[in-house]
Structures are given as structure tokens and as C-alpha cells.
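Geometric and topological summary
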Amino acid sequence: MMDFIGHGGKEIKERILSPGEAKKKIKNLVSVEISGRIARECIDLGYGFFTPLEGFMGKADVDSVCKKMSLTDGTIWPIPIVFDISSQEIKEKGIKVGDTIVLTHTGNPLAILEVEEIFSYDKDEMAQAVLGTTDTKHPGVRMIGRMQDTFIGGKVTLVNKPQFNPPFDRFFYTPRQLRKEFKKRGWVRIVAHQTRNVPHTGHEWLMKGAWFCAHGDAPVIGNKDEIKLGTGVLVNCIIGPKRTGDYIDEAILLAHQALHDGRYFRDDVHMVSITCWDMRYAGPKEAIFHAILRTNLGCTHHMFGRDHAGVGDYYGTYDAHRIFDQLPPGSLKIKPVRVLEWWYCPVCAEVTYSGLCGHTKERQKFSGTLIRSIIKDGVKPTRVIMRPEVFDVVMECAEKYGFGSPFCTEEYLLKRNPVFVVPPLG
Amino acid sequence: MLETYPINIWINEERFEKLKAANLADMAVDRLGGMKVIQVQCTEEQKDKILKHFPMAKFDTATTKSIELLPREVKDKIFDIAIKLKSIGPDVIDEFFKSLD
């Protein structure tokens, strides 16, 4: 029997109406056009990525998340999931508790929201509680600051399935689909690798090291060349808003797939997928959120490296490791795999683990920024730093999707093919 | 001694040929997995000025304490000045800013 139990011990249920039901249901409803972030979160809620949440949080849950890092029922949850709207729009459209409203994105209906509560919340308080700062240099603070002044709490149901455009379409799996895929592959242990980056060999070894940790005490099944491993790495690329200078989404996704196609990972131990999420850069709290998200995807382990989901120097290098020690036992189903650094050592002449290599004076640390800088300079990294297949794909993506650059430019942000579209309701 | 912050200029064949022609090949050091780089040093004041002038650039606080993601044409210009002055010190950046005026 398939296991569809997600975070908090709740079953992962999809909240989606059939097109026929949807058409009837949205007739005569007040509609609200939503932002990209809210559209992505509606998709996540509708497919169960955020299990046990069934909709946007009410005030009691937001307050509990901010003050206790848990929902009101005690389930661990670190980041408020909120629907913001201006009080003016509420007034103009006469939205009140008990209503159901239709949420449109790019003009087409995506979801309905049952208005269970309309409330306000101090945004500085929210930022301080979740991000540990109200400094507007922090991108998460700016995101909260941009929210409207009022929030609606209530259940969300998709009335229309988003259509993912190539090349994203073949990497989008719902939590239930992913769990079926894992079962089909015979994976019993799945370690998640969170990414928003084109992989260099340091990333590759983070994944391989995490695989060893997850697989370590697994029984040996099969003989000689037919050993069945049953442990896989799920590369879960986060797709969300982009800034100029970031790698383009297509390059991130297809570069990870290039590691697979280049056979740096066996076919039966590695797969690439996407999840829509607007990073809050909440460091340790976002690490817990990622653990919850990947629990719902069916992962048993989650790799956390240096500065996980952090930004600037708001969090300590390993705060995202330590926060798991503060959680009550059993509050997460997923096991964190806490990894230090992989670096290149010219003495060992290999990419090696900081926890093992003693050549601390000679070490050459990886830095995503440094690699971006190399590519930006038009220099091909050595194969010990970036696999040539990865570099080639990145440069192909620059031509095919990035208007000549593997990094987001104003032109890319303006003209790029969207990750998904919400089609007219047929 | 004042702390300085490097701008990494990665060396491809074209840049390496220019270094060799100026008899400055030794300026390039092995920085990461066989990648060659010249590191032009900035003072604190120059670092802040560079970051202000080129908002797309980033000071990598987490790992390398270097100024990264400057546009390629900016680095080409700094590289050429480094060769002209046969230096990788803050004088290169002073000269670079003069060239912008």
C-alpha cells in the first residue's frame, strides 16, 4: 500500500476541483488577481506540498508560528503561509467572512479561497520572529514588507491546474506523484538536496556524501553486478522569483540533469525535480521548512550544508544544523543529514571533505559566487571544479533561454518564457 | 598593515597570453582546482566605492572575502591597467577610477 502520510502525520490530499465542478463553483464569485508568490503557494497548498496546511493561515496559527514555531495544534511549522490583500480591495469588493472568492493569476482562475478570517498582523513582528531581523537589506524582510496590510485565512482549492512550460514540465511532480515515482524506482531511502544553483563538484560531493549517510546501514540486496541500492538523491530545485545576476532557472535545472545524463550519478540513484517556493532566506527556520516540504515529497533524509538558506551574515554558518537539536523528538519524520564543507585540496589532488582532510592551509574552498564569477569572466572551469557537461549545458541554456547570458538579466526577467501558465478554464 | 580585499580576475588563454607578453605570468596564482587568477587588491574604501559604483557586484562575506560578479568588461579594464602598471595593488583601482572620470 502506498504511504501518503505527510508532515504532522496527516495524509497528503490534493484539493483540486474537476473542470466541470470548477466552472459551476466559481460562477458569480468575486475575483481577486493574485501575485506570483500567492499563485505558487496556491499550487503548493492544492497539491499538498504544505501538508498539513489546507489553506492560508489564520491569525492564531500565524501567531503560534511566530512565537512557538508551531501551528496551534502543536505541529512544528516555522514560516507563516499568508494571503495578503489591501484593506481597500476588501472594502471595494465587499469581501467578508463566510464568502468564497476566486483567485485569478494572469487573468485566469487558479483557485478558490474560503474566507474564514480577515485580520491584520504586525509585519515587523512577523519578520523579527521568522527572520530574526527587521533589517530591510534582508530579502525576506523586504518580501514581508511588500505584503499588503490585511490577511485572509482560509482553505484553498485549485480550480485549474497550472501548465508547466518546457523544460520545467518534465521535472514537476506533485507529492503524490513523487511518492509513486520513488516506489516505482524501489527507493526506500531518499535524501533531498535543496538547490538554487548550478552544481559545481562541491555540490556533487555534498549529494554523494549525503547519499552515503542515508544509505550507510542499508542491507545489501542482490549479488555482484545486480546490487539493488534502494537509496536515491532527490535534487529539488526551488523555483521562485529571480533577481538579476542569479543563474537562470533553466540552467540550474538542466545542469543538475546533466550530472545525471553524464553518469556522474547512476540512473537508479538520482533524479531532478522542481518545487515552486519563494525563498524567505530564513536560514535555520527555512531549513526546518525545507525539511517539512521534503517530508511531504516522500524523502526520508535531507541534506543541510553550510549557510543553508541563509543570506549575508544574518545567521551563523551552521545555525541551520543546530536548530534541529532544539526540536522535540519525533516532531519531524525526516532525518537531517548535516554536512560540513567539501573543498578542493591541491595536496590530496581531489575534492575532499573538511571533516577529513588535514591540509587546512592548502585547502581551496568552493564558493558559488566564485564559480559564478569564473563563468561571468568567460572562463571555462577545470573539470575538477565543474563537470564539462554541466558547463556546456549552462552555456547552451544561455543561448537558448537566457538571451546570451546564463545569468538573469533585465531582458530575461522581462521576456522569459514563464515557468507555468494558468490556462483559461475550458 | 591595512586589510585589503581582492577582485579575482580569472585567467583564460587570452588573458594568459597578455600576461606572458608583459612578462607577468607569475602574477597569476593557482586559486581553485587548477584555475589561475590574478587578485587585484582593494582597500576598504575602494571596496565600498566599487560596490556602490557597480551594484551588481557582490562582496562574498561568507567564503572568500573578495569582490565578485563585476561585469566582464570592467574586469578586462582592471586587468589591462594591472598589466600597464605591472601591479596588483590598490594603485590599479585608483587608476581604474581615474579612467572612469
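Let us look at the pairing of strand S2 (residues 29-32) of chain B. All names here are of chain B. Of the pairings in the sheet, the one linking S2 to strand S3 (residues 35-42) comprises three bridges and is antiparallel in character. Following the sheet pairing, Leu32 is matched in S3 by Met35. Hairpin remark: S2 followed by S3, antiparallel, with two residues in the connecting loop; positive phi at Gly33, about 55 degrees.

Below, the discussion takes up the sheet that holds strand S11 (residues 270-276) of chain A. Backbone-to-backbone hydrogen bonds join strands into a sheet, with any given pair of strands oriented parallel or antiparallel. All names here are of chain A. Pairing is parallel in the open sheet, where five strands are placed in the order S11-S10-S9-S12-S13. Across the chains shown, the open sheet's two edge strands, defined by having one partner strand only, are S11 and strand S13 (335-338). Neighbour to neighbour, the strand axes of the sheet diverge by 30 degrees on average, direction disregarded.

We now examine the domain arrangement of chain A. Residue and element names in this part refer to chain A. For chain A, the assigned domains read domain 1 (7-161) and domain 2 (185-410). In this assembly, domain 1 packs against domain 2 so that about 2500 Å² is buried in total across both faces, 67% of it on carbon and sulfur atoms. In terms of surface lost to domain 2, no three residues of domain 1 exceed His7, Arg40 and Phe49, which account for 23% of the buried area on that side. Between Asp278 and Arg40 there is a salt bridge, with the nearest N and O atoms lying 2.6 Å from each other. Here domain 1 is connected to domain 2 by 11 residue pairs in polar contact (both at pLDDT 80 or more). Listing elements by their share of the side of domain 1 that touches domain 2, those giving two or more residues are helix H2 (36-47), helix H5 (123-131) and helix H6 (139-146). A class-by-class count of the residues in the side of domain 1 that touches domain 2 yields 16 nonpolar, six polar and seven charged.

Once that is clear, we can look at the interface of chain A and chain B. Between chain A and chain B, the residue contacts involve 23 residues of the former and 25 residues of the latter. Between chain A and chain B lies a buried interface of about 2000 Å² when both sides are counted; carbon and sulfur atoms form 62% of it. A per-residue breakdown of the area chain A buries against chain B is headed by Leu370, Lys376 and Asp377 of chain A, which together make up 31% of the total. Taken together, chain A and chain B are joined by two salt bridges. Ionic pairing is found between Asp377 of chain A and Lys75 of chain B, a salt bridge with its closest N-O pair at 3.1 Å. For the side of chain A that touches chain B, the elements supplying multiple residues, two or more each, are strand S16 (364-365) and helix H12 (368-376) of chain A. Sort the elements by how many residues they give to the side of chain A that touches chain B and H12 of chain A lands first, with seven residues.

The rules behind these values
- Numbers given for residues are sequential positions, taken from 1 along each chain in its written order.
- Here the convention is simple: chains get letters from A, ligands get numbers from 1, in the order in which they are written.
- In keeping with the predicted nature of the model, local features appear solely for residues at pLDDT of at least 70, side-chain atom pairs appear and are counted solely at 80 or more, and the whole-chain, interface and lining totals rest on all residues.
- Values shown for side chains rest on all heavy atoms present in the structure; no hydrogens or waters enter the calculation.
- When DSSP finds two or more bridges between a pair of strands, those strands are recorded as paired.
- Helix and strand labels come from DSSP, where a helix needs a run of H or I of at least four residues and a strand needs a run of E of at least two; each type is numbered from the N terminus.
- Angles run from 0 to 180 degrees between N-to-C directions of axes, and those axes are lines fitted to C-alpha atoms, restricted for helices to the stretch in contact.
- Note that domain bounds follow an automatic or database assignment of domains.
- The term buried area means the drop in 1.4 Å probe accessible area that two parts suffer when joined, counted for both and summed.
- Note on definitions: salt bridges are taken to be side-chain nitrogens of Lys or Arg within 4 Å of carboxyl oxygens of Asp or Glu.
- In protein, a polar contact means a hydrogen-donor-capable atom and an acceptor-capable atom, both N or O and within 3.5 Å, with residues adjacent in sequence counting only if both atoms are side-chain atoms; elsewhere, any N or O pair within 3.5 Å suffices.
- Gly counts as polar in this scheme, as do all residues outside two lists: the nonpolar Ala, Val, Leu, Ile, Met, Phe, Trp, Tyr, Cys and Pro, and the charged Asp, Glu, Lys and Arg.
- In this analysis, two residues are considered to be in contact whenever any of their non-hydrogen atoms come within 4.5 Å of each other.

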